[in-house]
Amino acid sequence: MQTPGIPDFCSGSAWALAAHDTLRDEGHRRIAPLIVHDSDHWLLFAQRPGANGMHFFEPFEGHWLFTCPLVGPDPEFSVDLLTRTVKRMKRSYPCCFLIGGVPVGEMMQSALDRHATEYEIVQKAEGIPCMWISLRNGVDGYLAQRRPKFRKSIRQGWRRTLDAGVEFSEMTARSGEVIDRLMVVEERSWKYQHNQSIFQEAQFVEFYSHLIDSAHASGNLRFLLAQLDGKDIGYILGSRFGQTYRGWQMSFDDRYQHLSIGNTLQIVNMEKRAAEGVSTYDLGMYADYKVRWTDELRELMVYVLVFR
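The sections below set out a description of the structure shown in this document. Computed from a predicted model, the values in this text were never measured in an experiment. As a convention, each chain's residues are numbered from 1 in the sequence order in which they are written. Given that this is a predicted model, residues contribute local features only at a pLDDT of at least 70 and side-chain atom pairs are listed and counted only at 80 or more, while totals for whole chains, interfaces and linings are drawn from all residues. Excluding hydrogens and water, the side-chain figures rest on all heavy atoms present in the structure.

Taken together, the side chains of Lys152, Arg155, Arg159 and Arg160 make up a positively charged region of the molecular surface. Considering the arrangement of structural elements, one finds arginine 160 in helix H6 (residues 148–163). Each residue gets one of three labels from its accessible area relative to the maximum for its type: buried under 20%, exposed over 50%, partly exposed in between, using a 1.4 Å probe on protein chains only. In this structure arginine 160 comes out as partly exposed when scored by relative accessible area, which is 38%. Exposure above 30% relative accessible area and no salt bridge define the residues that can form patches, which grow by joining like charges within 9 Å and nonpolar side chains of Val, Leu, Ile, Met, Phe, Trp and Tyr within 5 Å. Per-residue and other accessible areas follow the Shrake-Rupley method at a 1.4 Å probe size, with only the shown protein chains counted as cover for residues. The working definition used for a salt bridge is a side-chain nitrogen of Lys or Arg within 4 Å of a carboxyl oxygen of Asp or Glu. Note that His is not counted, nor are the chain ends; the positive residues are Lys and Arg, and the negative ones are Asp and Glu. Every charge is mapped onto a representative atom, which is NZ of Lys, CZ of Arg, CG of Asp or CD of Glu. Helix and strand definitions follow DSSP, with helices as H or I runs of at least four residues and strands as E runs of at least two, each counted in order from the N terminus.

Across a sheet, paired strands are connected by hydrogen bonds in the backbone, their directions being either parallel or antiparallel. Spatial strand order, S8-S9-S10-S11-S12-S7-S13: 7 strands in an open sheet with mixed pairing. Single-partner strands in this sheet number two, and they are strand S8 (167–171) and strand S13 (296–298). The average angle at which neighbouring strand axes cross in this sheet is 30 degrees, direction not considered. Any two strands between which DSSP finds at least two bridges are classified as paired. Bridging between strand S10 (residues 231–241) and strand S11 (residues 244–252) involves 8 bridges; their strand directions are antiparallel. The convention used is that axes are lines fitted to C-alpha atoms, helices contributing only their stretch in contact, and that angles between N-to-C directions extend from 0 to 180 degrees.

Look at helix H1 (residues 13–22) against helix H9 (residues 202–218): their axes get within 9 Å of each other, and the N-to-C directions meet at 145 degrees. Note that H1 runs across H9; the crossing there is right-handed. Side by side, H1 and H9 meet where Ala14, Trp15, Leu17, Ala18, Ala19, Asp21 and Thr22 of the first sit next to Gln203, Glu206, Phe207, His210, Leu211 and Ser214 of the second. Only Asp, Glu, Lys and Arg are considered charged in this grouping, and only Ala, Val, Leu, Ile, Met, Phe, Trp, Tyr, Cys and Pro are considered nonpolar; every other residue, Gly among them, is considered polar. Residues of the contact of H1 with H9, tallied by class, amount to 7 nonpolar, 4 polar and 2 charged. Here is the rule for handedness: rotate from the far helix to the near one, and if that takes an anticlockwise turn smaller than a right angle the crossing is left-handed, while a clockwise turn gives right-handed. Only heavy atoms enter the contact rule, under which two residues are in contact if any of them lie within 4.5 Å.

A word on the pattern of salt bridges. In the structure shown here, the tally under the stated rule is 19 salt bridges. Close ionic contact of arginine 114 with glutamate 76 constitutes a salt bridge, the shortest N to O distance being 2.4 Å. Taken as a pair, arginine 114 in helix H4 (residues 107–114) and glutamate 76 in helix H3 (residues 75–88) lie far apart in primary sequence, 38 residues in all. Between arginine 255 and aspartate 253 there is a salt bridge whose closest N-O contact spans 2.8 Å. Aspartate 253 gets classed as buried once you look at its relative accessible area, which sits at 1%. Here the residues in one salt-bridge network are Glu170, Arg222, Arg273 and Glu276, joined through shared partners.

Glancing now at the packing of H3 against H4. Where H3 meets H4, the closest approach of the two axes is 8 Å, and the angle between their N-to-C directions is 40 degrees. Crossing angle aside, the handedness with which H3 passes H4 is right-handed. Of the residues in H4, those in contact with Pro75, Glu76 and Val79 of H3 are Met107, Met108, Ala111, Leu112 and Arg114. Of the residues assigned to the contact of H3 with H4, the class counts are 6 nonpolar, no polar and 2 charged.

That's the geometry; what it means functionally is another story.
Right, dumping it as structure tokens:
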């Protein structure tokens, strides 16, 4: 939470460990990670098998590369800690470090560029950007900054949803029950019908099950359901992390698209999160349909460093 600009939830233990334990190659999981702690700063790297005379280190979550493995309030100290750690390592081969979740224009990027005399930056690439909403002034303050056309569509959608008798409720449970509930909706969504649902892949079901159980145990799970006549017709799933809410997945039964379930779910969820003190509402990775909702496109970089 104190590291400037990074995707904070996705750099935390819940996301990183879920990805490590479900998305990384099983053989790679058995290799000891590199974890260093010094003065409230951490280096958190998983390892891959060495090849071509090189040691390989990467974030615990290497699928989307949202996880920043350099954690601490002073990025300059974190990067210096990395260089000092490599110098102390007993190694006979070069070391390659993959670093994701580096926020563009923030102290972390500056520190990595400035210390490049200690290593070679062999690649700098654009990462997957995140889309943020500010709830510092509540949902009313957020809507006041949107275009009139957007506000009108939200009001009309809200009216259609409520006039139809749709109700919203939150639940918290372990992964088995949550997955069962959301799959009732997911299997009737347009994503599932076009083979684009992330829950159609077993490894991602395992990943989200891990996340759900972790967030449930910490009290941070947020699972909002839309119901009509007692049946689940929409959901939005995510987690709170300090003053940040990170959305994971949302979907609705395509038969009820005319009721604006998706838009109203999002607004109801934002109101609930703002009421509990959330100031940053993270919509997750970039998608065209999220653009009109977004206050800030948070651009991220991926660095590949080699210590000769």
